[in-house]
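Residue-level listing of the chains:
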Protein chains: 2
Amino acid sequence: MLRIRTIEAPAYVGQRVHLGGWMHSWRDMGQFGFLVLRDGAGTFQAVLDNQEEMAKLRGLQYESVLDVEGLIAAEPRAAVGAEMHDCHIEVLSPVLEPLPFEVNKKELKPGLDTFLDYAPLGLRHLQKRALFRISAELMAGYREYLMQQGFVEIQTPKIVGAATEGGANVFVLDYFGRPAYLAQSPQFYKQMMVGVFERVFEVGPVFRAEKHNTARHTNEYVSLDLEMGFINDHTDVMNMLTGVLRHMFGRVTDKCAREVALLKLRIPSIGDTIPAIRMPAAQQIIFERYKEDCRGEPDLSPQHEVWLSQYAEKELGSEFLFVTHYPTGKRPFYAMADDEEPALTKSFDLLFRGCEVVTGGQRIHRYDQLVQNADKWGIKPEQIDGYLQAFKYGMPPHGGFGMGLERLLMQLTGHTNLREVTLFPRDLDRLAP
Amino acid sequence: MLRIRTIEAPAYVGQRVHLGGWMHSWRDMGQFGFLVLRDGAGTFQAVLDNQEEMAKLRGLQYESVLDVEGLIAAEPRAAVGAEMHDCHIEVLSPVLEPLPFEVNKKELKPGLDTFLDYAPLGLRHLQKRALFRISAELMAGYREYLMQQGFVEIQTPKIVGAATEGGANVFVLDYFGRPAYLAQSPQFYKQMMVGVFERVFEVGPVFRAEKHNTARHTNEYVSLDLEMGFINDHTDVMNMLTGVLRHMFGRVTDKCAREVALLKLRIPSIGDTIPAIRMPAAQQIIFERYKEDCRGEPDLSPQHEVWLSQYAEKELGSEFLFVTHYPTGKRPFYAMADDEEPALTKSFDLLFRGCEVVTGGQRIHRYDQLVQNADKWGIKPEQIDGYLQAFKYGMPPHGGFGMGLERLLMQLTGHTNLREVTLFPRDLDRLAP
């Protein structure tokens with residue numbers, strides 16, 4: 001006999017089927033009882049009135065794994081219009097001890113640390129797992145759009161011979177007796193691959209040995225990267241980012257309707273363009289509106305990002321805001337300087353609901369200029385010779401960005417700590433499970 | 001004016017456009033000359049007859065990056081039926097020194113080591129880059145099929161607190177003063193996530209600190225993993241693998257027609273099922289046909305795999321062969337033993353054209369049995385407590401597999417060394433570029 005998934009059950013009215021899943025809840029009314037079974041897709045109610053079958057559930061802990069065979073019957077009062085009757089239960093994996101917390105209530109009670117200690121259990125919570133289904137569709141939407149735009153997906157090494165973006169914040173590894181490093185980003189590799197495919201993207205882990213525990217940093221996260229050749233300037237990259245974000249959110253709306261409803265999310269709509277302001281203008285706005293003088297500072301603080309997002313939402317009607325032209329000193333050696341204002345770079349950050357979620361820009365593509373700039377930053381050519389090789393043998397004007405998947409998910413779902421939207425977060429204190 | 005890609009050019013006959021790309025080849029005939037421009041998508045020929053424009057190319061090294069503006073004209077003698085006339089050239093990035101080897105010839109001359117030293121250049125070779133476009137479509141096909149089958153994509157941490165699959169062959173990392181490890185596979189995490197989504201998959205890097213340099217091993221590779229719940233036994237996993245492989249090859253056929261033709265590949269067709277033989281029967285065949293007695297040995301050698309593939313192709317008409325029921329001692333502690341023959345496991349390897357490309361099987365899902373088995377393998381429960389937690393709180397019968405992307409690509413494209421089909425390989429001697 002067929003095993004079907006809970007979400008398919010309403011289509012099987014009048015048929016006997018198997019459902020398999022976890023004992024989500026059980027209300028024992030004596031003569032009869034209501035079992036809610038949860039599987040990977042959803043939940044479904046079974047009504048039991050046979051004492052022998054009910055005995056199998058009595059004393060059993062929630063989360064026990066069951067196979068339930070029965071008749072799908074129409075039931076207008078049920079949310080999905082059907083339930084299961086005449087059930088026969090097989091306990092596949094009994095849970096023998098009490099759960100550390102309830103996972104079948106709307107509110108997940110434990111604090112973040114307890115939740116993370118018990119992540120394999122806690123992630124089963126319907127609201128929790130909804131986050132990671134949305135995360136999967138964000139990735140799928142990212143790839144789908146970029147492949148339509150002629151991008152080729154690459155997978156670049158995470159063990160590298162030299163620290164990619166400067167020596168700080170890099171994890172060191174014992175590589176057969178010599179030091180190696182964990183890649184802080186696929187930056188160098190994706191640029192090299194512009195020389196091969198023009199347009200490349202990667203979805204993969206990046207590693208930052210940052211010694212501070214903040215709500216918006218973890219030490220390993222998923223980066224959505226791309227790099228594209230033959231651009232005019234950084235605004236081509238910003239336009240590609242605008243397009244791909246619109247597509248990603250569209251995909252979440254299409255494919256995650258139940259999750260969006262469950263989490264009561266408001267998916268932002270993105271018009272033809274996202275408003276952009278230059279860094280000095282952004283600092284001037286902060287000065288005038290919020291009375292803090294950060295003019296001339298090299299970077300924005302988290303508070304500045306919140307203010308600028310408030311400004312963009314109120315004055316520009318946008319939940320997104322590009323801040324462009326970060327100062328040269330704050331960007332890496334490969335960042336392209338602005339022709340007219342060489343102290344600024346053709347770069348951007350994207351703010352979304354008060355937090356930076358993307359960093360990108362145009363890169364230097366001429367070999368001599370890149371070597372010169374590396375030298376200014378104290379980087380010797382022999383430290384980056386593999387990277388420089390791509391430029392020695394011809395690179396077009398190009399640019400790209402890196403987007404933090406968990407950051408994006410955090411802002412989309414209204415969370416305030418990256419650890420709440422990371423499957424198994426890694427930070428100063430946490431390496432498990 | 002529009003910049004178009006080379007593959008789009010034949011559709012623009014009669015129009016002036018920009019092409020951007022690399023100076024792939026240049027034949028100077030004095031009064032006129034033929035420039036072949038290569039971009040990320042393909043190549044296109046431009047015919048120059050203006051001395052001023054031709055002067056820009058004279059003395060310029062191949063791989064210089066050009067913007068070429070001109071008129072697309074019909075030309076029946078050209079392979080694509082069109083070429084560019086009346087060209088104006090802008091040199092975007094000149095290459096100033098000779099290339100270490102030619103990348104515009106059908107044969108790529110340098111040996112593997114030289115090629116890898118100059119990978120950013122060598123990967124531009126048309127045949128070389130075709131491999132990685134196919135690789136991208138294999139990944140895309142993998143995800144596409146699994147999402148259709150209700151799988152959810154996950155991204156699990158690569159920095160782990162304990163070595164997942166035994167202590168050998170694991171890279172050790174300095175994690176803020178204490179040791180951490182690079183994940184040898186997402187095995188434990190994908191199993192935990194069966195408790196959440198039933199069906200999950202991951203495409204990501206795995207790390208093996210194997211101290212031997214063989215043609216079929218590298219120290220970092222891309223693993224296509226999945227894990228699925230509510231199976232009857234390992235054959236459900238084998239069927240899923242059969243389906244996903246068929247889809248992946250179908251996608252390569254659809255999306256990579258030019259690459260398949262360029263590389264003269266024969267894409268295997270996969271029927272409803274792939275033939276399967278049990279390990280003892282496989283060893284008996286080797287004994288009878290090839291006169292080597294490996295009966296009772298715990299594993300197959302590379303030579304055995306070659307012989308079995310020969311046998312399968314000749315006798316069973318299949319380029320694929322499942323070998324099932326590997327001995328308990330050769331599989332990890334979580335492998336499910338066969339009910340009828342407890343010395344063997346419900347496991348499988350998939351051989352493809354003489355090489356193992358997938359390993360999988362059913363896993364133990366009952367908590368007590370798993371703890372007991374871990375103990376037999378000398379693993380203490382506290383070493384794997386995060387993992388065990390998932391089982392303590394209810395896990396269904398489940399299984400899965402891990403497939404090496406580069407291995408699959410190697411066998412598909414007829415290469416003999418994994419380093420030829422890995423973008424930037426990592427081995428004992430190589431950490432760069």
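Keep in mind that this is a model prediction, so the values were computed, not measured. (Residues numbered from 1 in each chain as written. Chains lettered and ligands numbered in written order. Predicted model: local features only at pLDDT ≥ 70, side-chain atom pairs only at ≥ 80, totals over all residues. Heavy atoms only, no water.)

Enquirer: Outline the overall build of chain A, listing residues and values.
Expert: Helix and strand content of chain A: 12 helices and 17 strands. In chain A, which comprises 433 residues, the proportion classed as buried is 60%. In chain A, once contacts between residues fewer than 6 apart in sequence are set aside, the share between residues at least 24 apart is 64%. A total accessible area of about 16,600 Å² is found for chain A, and carbon and sulfur atoms account for 50% of it. On chain A, the mean spot of the 47 positive side-chain charges and the mean spot of the 57 negative ones are 1 Å from each other. (Helix = DSSP H or I, 4+ residues; strand = E, 2+ residues; numbered from the N terminus. Buried < 20%, exposed > 50% of the residue type's maximum accessible area, 1.4 Å probe, protein only. Contact = heavy atoms within 4.5 Å. Areas by Shrake-Rupley, 256 points an atom, 1.4 Å probe, with all protein chains shown as cover. Lys, Arg positive; Asp, Glu negative; His and termini not counted. Charge placed at Lys NZ, Arg CZ, Asp CG, Glu CD.)

Enquirer: Tell me what's going on with helix 11 (residues 385–392) of chain B, and back it up with residues and numbers.
Expert: Most of helix 11 of chain B is tucked away, with six of its eight residues classed as buried. Buried residues of helix 11 of chain B: Gly386, Tyr387, Leu388, Gln389, Ala390 and Phe391 of chain B, and no others. In the core, the buried residues of helix 11 of chain B are packed alongside helix 2 (112–117) and helix 3 (119–122) of chain A together with helix 5 (187–197), helix 10 (367–376) and strand 17 (398–404) of chain B.

Enquirer: Explain the side chain of Arg129 of chain B to me, using residue names and the numbers behind them.
Expert: With respect to the secondary-structure elements, Arg129 of chain B resides in helix 4 (residues 126–148). One buried charged residue, Arg129 of chain B, forms no salt bridge at all, with the nearest opposite charge on Asp39 of chain B at 5.2 Å. One polar contact links the side chain of Arg129 of chain B to the main-chain carbonyl oxygen of Val196 of chain A, over a distance of 2.9 Å. Within polar-contact distance, the side chain of Arg129 of chain B engages the backbone oxygen of Asp39 of chain B at 2.9 Å. (Salt bridge = Lys/Arg side-chain N within 4 Å of Asp/Glu carboxyl O. Polar contact = N/O pair within 3.5 Å; in protein donor to acceptor, adjacent residues only side chain to side chain.)

Enquirer: Provide a residue-level description of the domain arrangement of chain A, including the pertinent values.
Expert: Residue and element names in this part refer to chain A. Domains assigned within chain A are domain 1 (3–93) and domain 2 (126–420). With eight residues of domain 1 at the contact, the number on the domain 2 side is four residues. Here domain 1 meets domain 2 over a buried area of about 400 Å², counting both sides, of which 38% is carbon and sulfur. Remark: the boundary between domain 1 and domain 2 carries zero salt bridges. (Domains from an automatic or database assignment. Buried area = accessible area lost by both parts, 1.4 Å probe.)

Enquirer: Break down the sheet that holds strand 17 (residues 398–404) of chain A for me, citing the residues and quoting the values.
Expert: Residues and elements named next belong to chain A. Across the sheet, eight strands lie side by side as 7-11-12-17-16-15-14-13; this open sheet has mixed pairing. Of all strands in the sheet, those bounded by a partner on one side alone are strand 7 (152–153) and strand 13 (276–278). Strand direction decides the pairing type here: strand 12 (residues 220–229) and strand 17, joined by seven bridges, are antiparallel. By the bridge assignment for strand 17, Met228 is matched with Gly399. The strands touched by helix 4 (residues 126–148) are strand 7, strand 11 (199–207), strand 12 and strand 17; relative to strand 11, the strand with the most contacts, the crossing angle is about 155°. (Pairing = 2+ DSSP bridges. Axes fitted to C-alpha atoms, helices over the stretch in contact; angles between N-to-C directions.)

Enquirer: Break down the environment of Arg295 of chain A for me, citing the residues and quoting the values.
Expert: All names here are of chain A. Examined against the element boundaries, Arg295 turns out to sit in the loop between helix 8 (279–290) and helix 9 (302–316). According to the relative accessible area criterion, Arg295 is partly exposed, its value standing at 38%. Measuring from C-alpha to C-alpha, the distance between Arg295 and Arg278 comes to 12 Å, with 17 residues separating the pair along the chain. For Arg295, the contacting residues outside a window of four places in its chain are Gln283, Gln284 and Phe287.

Enquirer: Outline the relation of the copies chain B and chain A, listing residues and values.
Expert: The operation relating the pair of chain copies consists of a rotation about an axis and a translation along that axis. Once turned by 180° and shifted 0.0 Å along the axis, chain B lies on chain A with an RMSD of 0.0 Å. Between the two chains, the operation in question is that of a two-fold axis. For chain B, the smallest separation between a C-alpha atom and the rotation axis is recorded for Leu173 of chain B, amounting to 2.2 Å. Taken as a fraction of all interface residues of chain B, those also at the interface in chain A reach 100%, which identifies the copy contact as same-surface. (Least-squares fit on C-alpha atoms with pLDDT ≥ 70 in both.)

Enquirer: Explain the interface of chain B and chain A to me, using residue names and the numbers behind them.
Expert: If you look at the interface, chain B gives 98 residues, while chain A gives 98 residues. A buried area of about 7,800 Å², summed over both sides, lies between chain B and chain A, and 63% of it is on carbon and sulfur atoms. When the buried surface of chain B facing chain A is broken down by residue, Phe176, Tyr393 and Leu431 of chain B rank first, second and third, together holding 10% of it. Taken together, the links from chain B to chain A amount to six salt bridges. A salt bridge links Glu198 of chain B to Arg5 of chain A, with the nearest nitrogen and oxygen atoms 3.7 Å apart. At the surface where chain B touches chain A, the tally comes to 44 residue pairs in polar contact (both at pLDDT 80 or more). Among the elements that line the side of chain B that touches chain A, the one with the most residues is helix 4 of chain B, at eight residues. Of the residues contributing to the side of chain B that touches chain A, the split by class is 55 nonpolar, 16 polar and 27 charged. (Nonpolar A, V, L, I, M, F, W, Y, C, P; charged D, E, K, R; others polar.)

Enquirer: Can you break down the pairing of strand 5 (residues 65–74) of chain A residue by residue, with the values?
Expert: All names here are of chain A. Among the 10 residues in strand 5, eight count as buried, and that is most of the element. Direction of pairing for strand 2 (residues 16–28) relative to strand 5: antiparallel, over a ladder of seven bridges. Bridging from a neighbouring strand, Val17 pairs with Gly70 of strand 5. Pairing of strand 5 with strand 6 (residues 82–93) involves nine bridges; the strand directions are antiparallel. Its bridge partner lying in strand 6, Asp67 is registered against Glu90.

Enquirer: Requested: an account of the packing of aromatic side chains, with residues and values cited.
Expert: Residues and elements named next belong to chain B. Enumeration over the complete set of coordinates arrives at 38 aromatic pairs over all chains. Between Phe32 and Phe34 the ring centres are 5.8 Å apart and the planes differ by 85°, which places this aromatic pair in the edge-to-face class. Taking the relative accessible area as the measure of exposure, Phe32 reaches 36% and is therefore partly exposed. Residue Phe34 is classed as buried on the basis of its relative accessible area of 19%. Arranged with centres 3.9 Å apart and planes meeting at 15°, the rings of Phe188 and Tyr387 form a pair that is stacked. Here Tyr387 lies in helix 11 and Phe188 lies in helix 5, a separation of 199 residues in the sequence. (Phe/Tyr/Trp six-rings, centres within 6.5 Å; stacked < 30°, edge-to-face > 60°.)

Enquirer: Please provide a residue-by-residue account of the packing of helix 5 of chain B against helix 11 of chain B, values included.
Expert: All names here are of chain B. Closest axis-to-axis distance for the helix 5/helix 11 pair is 9 Å, and the angle between their directions is 25°. Here helix 5 lies roughly parallel to helix 11, going by the angle between them. Between helix 5 and helix 11 lies a crossing whose hand is left-handed. Mapping the contact onto sequence places Phe188, Gln191 and Met192 in helix 5 and Gly386, Tyr387, Ala390 and Phe391 in helix 11. (Parallel < 35°, antiparallel > 145°, perpendicular 65-115°, else oblique. Left-handed = near helix turned anticlockwise from the far one by under 90°.)

Enquirer: Requested: an account of the nonpolar core, with residues and values cited.
Expert: Residues and elements named next belong to chain B. Counting residues in hydrophobic clusters, the biggest one holds 91 residues, and the most contacted among them are Leu138, Tyr142, Leu241, Leu245, Phe249, Phe401 and Met403. Per-element tally for this core: the top contributor is helix 4, with 10 residues. Once residues lying within four places of it in the same chain are set aside, the contact partners of Leu138 are Met248, Phe249, Val252, Leu405, Leu408, Leu409 and Leu412. (Core = buried A, V, L, I, M, F, W, Y, C linked by side-chain atoms within 4.5 Å.)

Enquirer: Now, about the sheet that holds strand 15 (residues 347–352) of chain B: what can you tell me, with residues and values included?
Expert: Residues and elements named next belong to chain B. With mixed pairing, the eight strands of this open sheet are ordered in space as 7-11-12-17-16-15-14-13. Both edges of this open sheet fall to strand 7 (152–153) and strand 13 (276–278), since each of them pairs with a single strand only. Pairing of strand 14 (residues 320–324) with strand 15, which is carried by five bridges, proceeds in the antiparallel orientation. In the sheet register, Leu321 faces strand 15, and the bridge partner there is Leu351. Against the sheet, helix 8 (residues 279–290) engages strand 13 and strand 14, with an angle of about 90° to strand 13.

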